[in-house]
Number of protein chains: 2
Amino acid sequence: MPTAHTFFSDYLAAQKLKITPQRMIILQVFLENEGHMSSEELYDEVRRVDESIGQATVYRTLKLLADSGLAKQVDFKEGVARYEQNLGVAHHDHLICERCKKTIEIVDERIERLQEELAVRSGFVLTGHRMDLFGLCAECRRREDV
Amino acid sequence: MPTAHTFFSDYLAAQKLKITPQRMIILQVFLENEGHMSSEELYDEVRRVDESIGQATVYRTLKLLADSGLAKQVDFKEGVARYEQNLGVAHHDHLICERCKKTIEIVDERIERLQEELAVRSGFVLTGHRMDLFGLCAECRRREDV
DNA sequence: TCTCATTTTGATTTTCAATCTCAATTAACG
DNA sequence: CGTTAATTGAGATTGAAAATCAAAATGAGA
Ligand SMILES: [Mn+2]
Ligand SMILES: [Mn+2]
Ligand SMILES: [Zn+2]
Ligand SMILES: [Zn+2]
């Protein structure tokens, strides 16, 4: 079981890319913050560790993390890309509260099977999917309605 | 069965918004072009009818069409918003070929039910969802693999 | 039909995330 | 080390979308 750092280093080496302190710090900070971070948010955290690291490097490294399989890009219709950890994390979809943005991870094997079936029926081979359920969480409903 | 034009006029009146030639032309052109149009694409078509109509007005009107329920915004991860007709059009999701961008509209009642069930289980009330299946269509596979 | 407050328009500027550019720096490999 | 190719940070650039604003148009009422 390789650590994420080893995993990333291996990936970089395999791609003939360089292992730099910036990349390792960004990975480190990414791993420490669970959830669904935007590049901007990650940048803010990264600066605390090393304020000399630039925006562009965070953007670039986040792409590398996604390419390596360590991170996965998600989007919740906010106009910014978010990234979640993906190493050893099982596939899941999202249930998002439109009011407070709380995000719950969900999976339903039956849905996954039906998606496959639907694609096949149209002659497609599935490479991936995106399913986001939008709604109002219990707390927000309590506050909202009345 | 009101026509789309009547529907839109009624909506505008109800919102105390004005019925303008620009809005009616944009609606007209939107209705004539089926599929999933971007604002840019719609703008190009609109110019043929009236070249004095501006970009901004197309953006603004497309939003109004969506607000009224005549149009629905969709996005296929291209970085541009697209709109499809929504008046009297049943809900559906999309199956998209990642290579040629061909888009097939799909629905599966069983999936819709399971989505509802999943949301309820987490205490949410669903307001909507987005499900996009990405893959390779039969033709593209034939060309691609070999 | 005329008046006129309010809305809308087109041109333009602005925003904002994301990407690109480039000269200076640095990692990697022998 | 020394060489070379990759990387960096700062700043410029992009592109979609939204905001601004003065001029024009709508439409409710007189
Ligand atoms: Mn997640
Ligand atoms: Mn559609
Ligand atoms: Zn909530
Ligand atoms: Zn295809």
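Quick caveat: nothing in here was measured; it's all calculated off a predicted structure.

Explain the relation of the copies chain A and chain B residue by residue, including any values.
Mapping chain A onto chain B is achieved by rotating through 180° and translating by 0.1 Å along the same axis, at an RMSD of 0.1 Å. Both copies are brought into coincidence by an operation consistent with a two-fold rotation axis. Residue M131(A), judged by its C-alpha, is the member of chain A lying nearest the rotation axis, at 2.1 Å. The overlap is high: 100% of the interface residues of chain A also sit at the interface in chain B, so the same surface is used on both sides.

Provide a residue-level description of the coordination of the manganese ion (ligand 2), including the pertinent values.
Residues and elements named next belong to chain B. Around the manganese ion (ligand 2), the protein contributes the donor atoms H36 (NE2), E84 (OE), H92 (NE2), H94 (NE2) and E105 (OE), which lie 1.9 to 2.4 Å from the metal centre. Between consecutive donors of the manganese ion (ligand 2), the numbers of intervening residues give the motif H-x47-E-x7-H-x1-H-x10-E. With H36 in the loop between α2 (21-32) and β1 (37-38) and H94 in strand β4 (residues 93-97), the pair connects residues that are 58 residues apart, well separated along the chain. Judged by its relative accessible area of 3%, H94 falls in the buried class.

Just give me the short version of the packing of helix α1 (residues 4-14) of chain A against helix α2 (residues 21-32) of chain A, but keep the residues and values in it.
Residue and element names in this part refer to chain A. Where α1 meets α2, the closest approach of the two axes is 11 Å, and the angle between their N-to-C directions is 140°. When the interaxial angle is binned, α1 and α2 end up oblique. Where α1 crosses over α2, the handedness of that crossing is right-handed. Here α1 contributes A4, H5, F8, S9 and L12 to the contact with α2, which in turn contributes R23, M24, L27, Q28 and L31. Each residue belonging to the contact of α1 with α2 can be placed in one class, and the counts come to 6 nonpolar, 3 polar and 1 charged.

Can you explain the protein's contact with DNA strand C? Please cite residues and give values.
Lining the immediate surroundings of DNA strand C are 20 residues, of which K18(B), T20(B), R23(B), T57(B) and R60(B) lie closest. Within 4 Å of the protein, the atoms of DNA strand C are drawn from sugar and phosphate moieties in a proportion of 71%. Backbone polar atom of I19(A) to a phosphate oxygen of DNA strand C: 3.0 Å apart, as the coordinates give it. The backbone of G54(B) places a nitrogen or oxygen atom 3.3 Å from a phosphate oxygen of DNA strand C. Breaking the surface near DNA strand C down by element, the ones donating at least two residues are α4 (55-68) of chain A together with α2 and α4 (55-68) of chain B. Top element by residues in the surface near DNA strand C is α4(A). It accounts for 4 residues. Of the residues that constitute the surface near DNA strand C, the class distribution is 8 nonpolar, 6 polar and 6 charged.

Scoring rules and cut-offs
- Sequence order sets the numbering: in each chain, residues are counted from 1 along the sequence as written.
- Chain letters and ligand numbers both follow the written order, the letters beginning at A and the numbers at 1.
- pLDDT decides what is reported in this predicted model: residues at 70 or higher carry local features, side-chain atom pairs at 80 or more are listed and counted, and totals for whole chains, interfaces and linings draw on all residues regardless.
- Water and hydrogen atoms were dropped before computing side-chain values, which therefore reflect all heavy atoms in the structure.
- For the least-squares superposition of copies, only C-alpha atoms count, and only for residues with pLDDT at least 70 in both.
- By definition, residues are in contact when any of their heavy atoms lie within 4.5 Å.
- Donor atoms: N, O and S within 2.8 Å of the metal, or within 3.2 Å for Na, K and Ca. Because water is excluded, sites can look incomplete.
- For the purposes of this entry, the term helix denotes a DSSP run of H or I that reaches at least four residues, the term strand denotes a run of E that reaches at least two, and both are numbered from the N terminus.
- Only protein chains enter the accessibility calculation, which uses a 1.4 Å probe; a residue is then buried when its area is under 20% of its type maximum, exposed when over 50%, and partly exposed in between.
- Here the axes come from fitting lines to C-alpha atoms, over the contacting stretch only for helices, and the angles between their N-to-C directions go from 0 to 180 degrees.
- An angle counts as roughly parallel when it lies under 35 degrees, as roughly antiparallel when it exceeds 145, as roughly perpendicular when it falls between 65 and 115, and as oblique in every other case.
- In this scheme the crossing of two helices becomes right-handed for a clockwise turn of the near helix relative to the far one and left-handed for an anticlockwise turn of less than a right angle.
- Side-chain classes follow a simple rule in which Ala, Val, Leu, Ile, Met, Phe, Trp, Tyr, Cys and Pro form the nonpolar group, Asp, Glu, Lys and Arg form the charged group, and the remainder, Gly included, forms the polar group.
- Near residues are defined by distance, with any heavy atom within 4 Å of the molecule or strand qualifying the residue.
- Pairs of N or O atoms are called polar contacts if they sit within 3.5 Å, as long as, within protein, a hydrogen donor faces a hydrogen acceptor (for residues adjacent in sequence, only side-chain-to-side-chain pairs).

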